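Here is how the chains run, residue by residue.
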Amino acid sequence: MSSNHHPTSGLASHTSAGFKQEFSESQLELIDAGVIMGIETSCDETAVAILAGTDVVASVIQSQVDIHASFGGVVPELAARAHDQAILATIEAALAEAKLNLGDLDAIAVTNGPGLPGALMVGVGSAQGLALGAHLPLYPVDHMEGHLFAAALEGPVALPALVLLVSGGHTEMIAVDAPGSYRLVGRTKDDAAGEAFDKVARLLDLGYPGGPAIERAVRDAPPPAIDFPRGLRSEGLDFSFSGLKTAVMSFVRTHPEVGVTEIAAAFQVAAIDALVIKVERALSLDSYASVVIGGGVAANELLRTRIGQVAAGHGVIAAIPAKRYCTDNGAMIAAAAAFHRSIGDMGVVCIDADPQRTLIDLA
């Protein structure tokens, strides 16, 4: 990662005016827009990061895995309560890690949707209070746009790009034709990919979160002999995972003699294949310079490998974020806000949580 801006006592003072900077239309890049704190509380991780120019100088994440593990999924009320208890300490820890004070910041960014209403409200309320108290511009950020900018934390992303966003709550493909220009290509008609991983892991008693639990369980497993269905294999660019989940449930009931590892391995292959099939189809239907993945499921090693292979086969670049930036984090939120500052967005004074917000609304 480039290092053209470092936190020192000589940081430029913040301003409420919009920050304007030229950027390339042919790539999505991390913009030096000052020192920005990014706050992310959309689901089950309380995350705060500080982006100083193009350097992530602090990133603190408080996970709620232990809280939700016994339920096999996120309990919204418990998530909101845990965020409320952790948010101030997480902010303080990020400032301490960066060796900065609140007055050294140029802006504050926060996820205001989509996500769990109560969880979002904790982040939005905290960010708004900090921004008002320190007279800083405040930037509401779409959670999925944050995942898109996670790839830019690793370096510039060539445009136009096909972006596969896959998490516990979302599965969609977005075409990024130019910086800030988003076009929906395909989305799930039912379960998200991460949701399917969670449900199957719970069914097989493998633990939570389901993605990492299944990946650990099948790491040394041989190629599975079971062939589960790939939803909507022959139709368009939308996804479906409910049929796959149901097929696994039915197989478990009717084949008690088959081991958990083999079933989990077959599910993972089918789920990843369902994603890759649609990415490959989209690449064959339109012209792209790169293919990007983001979201928690993008940390899956099989998906990362398969996307790299598909990209190479189509002669495009695979822009795959480091695993630490696939899961929810504050750095990606700050990076998205930096872009909006670069195009003259002055920020806002007051925002609301918007649990149903969609990335396409920004186009």
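Parameters at a glance
- Residues numbered from 1 in each chain as written.
- Predicted model: local features only at pLDDT ≥ 70, side-chain atom pairs only at ≥ 80, totals over all residues.
- Heavy atoms only, no water.
- Pairing = 2+ DSSP bridges.
- Helix = DSSP H or I, 4+ residues; strand = E, 2+ residues; numbered from the N terminus.
- Axes fitted to C-alpha atoms, helices over the stretch in contact; angles between N-to-C directions.
- 1 Å grid on protein atoms, 1.4 Å probe; cavity = no way out; pocket = protein on both sides within 12 Å on 5 of 7 lines; lining within 4 Å.
- Points joined across faces, edges and corners; volume = space filled by probe spheres on them.
- Nonpolar A, V, L, I, M, F, W, Y, C, P; charged D, E, K, R; others polar.

J.: I'd like to hear about the sheet that holds strand β11 (residues 290-294), residue by residue, with values.
T.: Sheet strands pair by backbone hydrogen bonding; their relative direction is either parallel or antiparallel. On the basis of which strands lie adjacent, the open sheet formed by five strands has the order β10-β9-β8-β11-β12 and mixed pairing. The sheet terminates laterally at β10 (181-187) and β12 (317-319), the two strands that pair on one side only. Between one strand and the next, the sheet's axes are offset by a mean angle of 25 degrees, whatever the strand orientation. In this structure, strand β8 (residues 161-166) lies alongside strand β9 (residues 171-178), joined through six bridges in antiparallel fashion.

J.: Explain the pairing of strand β4 (residues 55-63) to me, and be specific about the residues and the numbers.
T.: Pairing geometry for strand β3 (residues 45-52) and β4, over eight bridges, is antiparallel. When the bridges of β4 are listed, Ala49 appears paired with Ser59. Taken together, β3 and the strand that follows it, β4, pair antiparallel across an intervening segment of two residues, in which Gly53 is found at a positive phi of about 65 degrees.

J.: An account of the layout of surface pockets is needed here, citing residue identities and associated values.
T.: A water-sized probe rolled over the atoms picks out the places where empty space is left. Looking at the largest pocket, its volume works out to about 1,100 Å³. Along the walls of the largest pocket sit 42 residues, with Cys43, Ser167, Gly168, Gly169 and Asp198 positioned nearest its centre. If you list the elements that add at least two residues to the lining of the largest pocket, you get α5 (193-203) and α6 (210-217). Ranked by residues supplied to the lining of the largest pocket, first place goes to α5 with six residues. For the lining of the largest pocket, the per-class residue count stands at 13 nonpolar, 18 polar and eleven charged. Roughly 220 Å³ of internal volume is contained in the second largest pocket. Forming the walls of the second largest pocket are 13 residues, and the residues nearest its centre are Glu215, Val218, Arg219, Gln268 and Leu302. Counting residues per element, the ones that place at least two in the lining of the second largest pocket are α8 (260-285) and α9 (301-313).

J.: If you had to explain the sheet that holds strand β5 (residues 107-113) to someone new, which residues and values would you point to?
T.: Here five strands make up an open sheet; going across it, the order is β4-β3-β2-β5-β6 and the pairing mixed. Each edge of the open sheet carries a strand with a single partner, namely β4 and β6 (138-142). Here the strands of the sheet are splayed against their neighbours by 20 degrees on average, with no regard to which way each runs. Across six bridges, the pairing between strand β2 (residues 35-40) and β3 is antiparallel. From the neighbouring strand, Ile39 faces β3, where its bridge partner is Val48.

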